[in-house]
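Residue-level structural notes
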Amino acid sequence: MRRPGRERSLTGAVTALAPGYLVFALLLIPAGAASMVFTTVSATALQLRADPAVRGRVLAVQNSVFYGSGPVGALLLGVLAQWTGPRTALLAGGALTVLLAGLIGWALRGRLAQRVTPVPPPPADTPSSGRSNAG
């Protein structure tokens, strides 16, 4: 299975090479599309792999990390852009993302090769929360 994170990282880095504002704005379209694909695929993979008993907790951690890293990354890129300029900051952010994705992929290469198999839902006649729906 292909991982869409590379496209997201590469499209973000390529925006730094745009010669002007119009090209930059046009390059943001595939960057945004790649970001949406990455978000959807990562959430789907977590939902399929997580045990139903802890699925909500797993998705809560994923959302906290995913949405919490945006403001931190924006702050760091803003500081870097103040020192080096926006083009260098975007290129460095994209290159760092590609590097980290590659390192994490290499470290998890055995686990990533496993086929994703959905966890079967609990039987319909068994209440999942232990509480009865009656009354």
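The structure this text deals with has already been given above.
First, a word on what this report is: a plain description of the structure on this page. Predicted, not measured: the structure shown is a model, and the values here were computed from it.

**Side note on the overall build of the protein**
- Along the backbone of the protein there are five helices and zero strands.
- In the protein, the succession of helices and strands from N to C terminus is α-α-α-α-α.
- Summed over all atoms, the accessible surface of the protein reaches about 10100 Å², with 70% contributed by carbon and sulfur.

**A closer look at the packing of aromatic side chains**
- As enumerated under the stated definition, the model contains two aromatic pairs in all.
- Their ring planes at 80° and their centres at 5.1 Å tell us that F66 and Y67 sit as a pair that is edge-to-face.
- Overall, Y67 belongs to the exposed group, its relative accessible area being 54%.
- Members of the aromatic cluster, each reached through a chain of ring pairs, are F38, F66 and Y67.

**A word on the layout of surface pockets**
- Put simply, the second largest pocket is a space of about 200 Å³.
- The wall of the second largest pocket is formed by T15, A16, A18, P19, G20, Y21, F24, P86, R87 and L90.
- Listing elements by their share of the lining of the second largest pocket, those giving two or more residues are α2 (21-49) and α4 (86-107).
- With three residues, the top contributor of residues to the lining of the second largest pocket is α4.
- Among the residues making up the lining of the second largest pocket, the classes are represented as seven nonpolar, two polar and one charged.

**Let's talk about the packing of α2 against helix α3 (residues 55-84)**
- Packing of α2 against α3 leaves a shortest axis separation of 10 Å and a crossing angle of 155°. In this view, α2 runs roughly antiparallel relative to α3, as classed from their interaxial angle. The crossing of α2 and α3 is right-handed. Contacts between α2 and α3 involve F38, T39, S42, A43, L46 and Q47 from the former and R55, V58, L59, Q62, F66 and Y67 from the latter.
- Residue composition of the contact of α2 with α3, by class: seven nonpolar, four polar and one charged.

Analysis parameters
- Residues numbered from 1 in each chain as written.
- Predicted model: local features only at pLDDT ≥ 70, side-chain atom pairs only at ≥ 80, totals over all residues.
- Heavy atoms only, no water.
- Helix = DSSP H or I, 4+ residues; strand = E, 2+ residues; numbered from the N terminus.
- Areas by Shrake-Rupley, 256 points an atom, 1.4 Å probe, with all protein chains shown as cover.
- Phe/Tyr/Trp six-rings, centres within 6.5 Å; stacked < 30°, edge-to-face > 60°.
- Buried < 20%, exposed > 50% of the residue type's maximum accessible area, 1.4 Å probe, protein only.
- 1 Å grid on protein atoms, 1.4 Å probe; cavity = no way out; pocket = protein on both sides within 12 Å on 5 of 7 lines; lining within 4 Å.
- Points joined across faces, edges and corners; volume = space filled by probe spheres on them.
- Nonpolar A, V, L, I, M, F, W, Y, C, P; charged D, E, K, R; others polar.
- Axes fitted to C-alpha atoms, helices over the stretch in contact; angles between N-to-C directions.
- Parallel < 35°, antiparallel > 145°, perpendicular 65-115°, else oblique.
- Left-handed = near helix turned anticlockwise from the far one by under 90°.
- Contact = heavy atoms within 4.5 Å.

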